[in-house]
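Structural description and commentary
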Amino acid sequence: MTDYLVIASAANTTITTMAFVTLSFIILMLLIKKFAWGPITDMLHERETKIANDIDNAEASRKRAAELVKEHEETLAKSRAEAAAIVKNAKETAELNADAIIKEAHEDMKRYREQGKKELELERTKLIESARKEVADLSISIAEKILKKELDDVTHRELIDSYIEGLGARDED
C-alpha cells in the first residue's frame, strides 16, 4: 500500500509543485514589474537621453570645430596677405633706398670729378706758370751767356746740350 500512496502522492505533488512554481513566477513577475521594471526603464531612458545628448554635443562640437577651422583659414589668409603686403612694401622701400643711394653715389661721383677737374686745372696752371718761369730763367741765362760770348755753331750746340743736361739734373733734385 505504501507503494500506491507514494505514486498517488507523486502525481498530486507534481501538480501542486507546478501550481506553486507558476504562482511564484507570477508573483515574481509582479514584484519585478513593481520594483525593478520602473527603475530599469528609467535607467534605459536616461541612458538613451544621454547618448542622444552626447551625439548632439558631438555634432555641435564638430560644427564649432569646422567654424574654427574656417576662421583660422581666414585668419591665415589675412596673415598671408599682410605678410605679402609687408614684403611688397619692404621691396619698394629697398628699391627706393637703392635708387637714392645710387643717385647719391652719382652725385658724389660728379662732385669728385668736378673737384678733380678743378684740382687738375689748378695743377696745370701751376705747371704752366712754373714752366714759363723756367723758360724765362733759361732765356735770361741763355741771353746772358750769348752776350758774354759770341757763339759759333759748335759752341751754340754745346751750350744747348749743357742746358738740357742741367734741366735733367734739376728735375732729379
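Residues numbered from 1 in each chain as written. Predicted model: local features only at pLDDT ≥ 70, side-chain atom pairs only at ≥ 80, totals over all residues. Heavy atoms only, no water.

1. Section: the overall build of the protein
From N to C terminus, the protein includes two helices and zero strands. Accessible surface, the protein: about 15900 Å² in total, of which carbon and sulfur atoms supply 62%. (Helix = DSSP H or I, 4+ residues; strand = E, 2+ residues; numbered from the N terminus. Areas by Shrake-Rupley, 256 points an atom, 1.4 Å probe, with all protein chains shown as cover.)

2. Section: the pattern of salt bridges
Opposite charge on two side chains makes pairing possible when the charged atoms of those side chains draw close. Under the counting rule described, the total for this entry stands at six salt bridges. Taking the shortest distance from any N to any O, the salt bridge between lysine 50 and aspartate 54 comes out at 3.1 Å. Within this pair, lysine 50 and its partner aspartate 54 are both found in helix α1 (residues 2-148), separated by four residues, close to a single helical turn. For aspartate 108, the salt bridge identified is with arginine 111, shortest N-O distance 2.2 Å. With aspartate 108 and arginine 111 both in helix α1, this residue pair falls three residues apart, about one helical turn. Residue classification places arginine 111 among the partly exposed residues on the basis of a relative accessible area of 47%. Connected through shared salt-bridge partners, Arg64, Glu67 and Glu71 make up one network. (Salt bridge = Lys/Arg side-chain N within 4 Å of Asp/Glu carboxyl O. Buried < 20%, exposed > 50% of the residue type's maximum accessible area, 1.4 Å probe, protein only.)

3. Considering the packing of aromatic side chains
Counted by the stated rule, this structure contains zero aromatic pairs. The residue whose ring lies beneath arginine 111 is tyrosine 112, and the NZ or CZ to ring-centre distance is 5.9 Å. (Phe/Tyr/Trp six-rings, centres within 6.5 Å; stacked < 30°, edge-to-face > 60°. Lys NZ or Arg CZ within 6 Å of the ring centre and 35° of its normal.)

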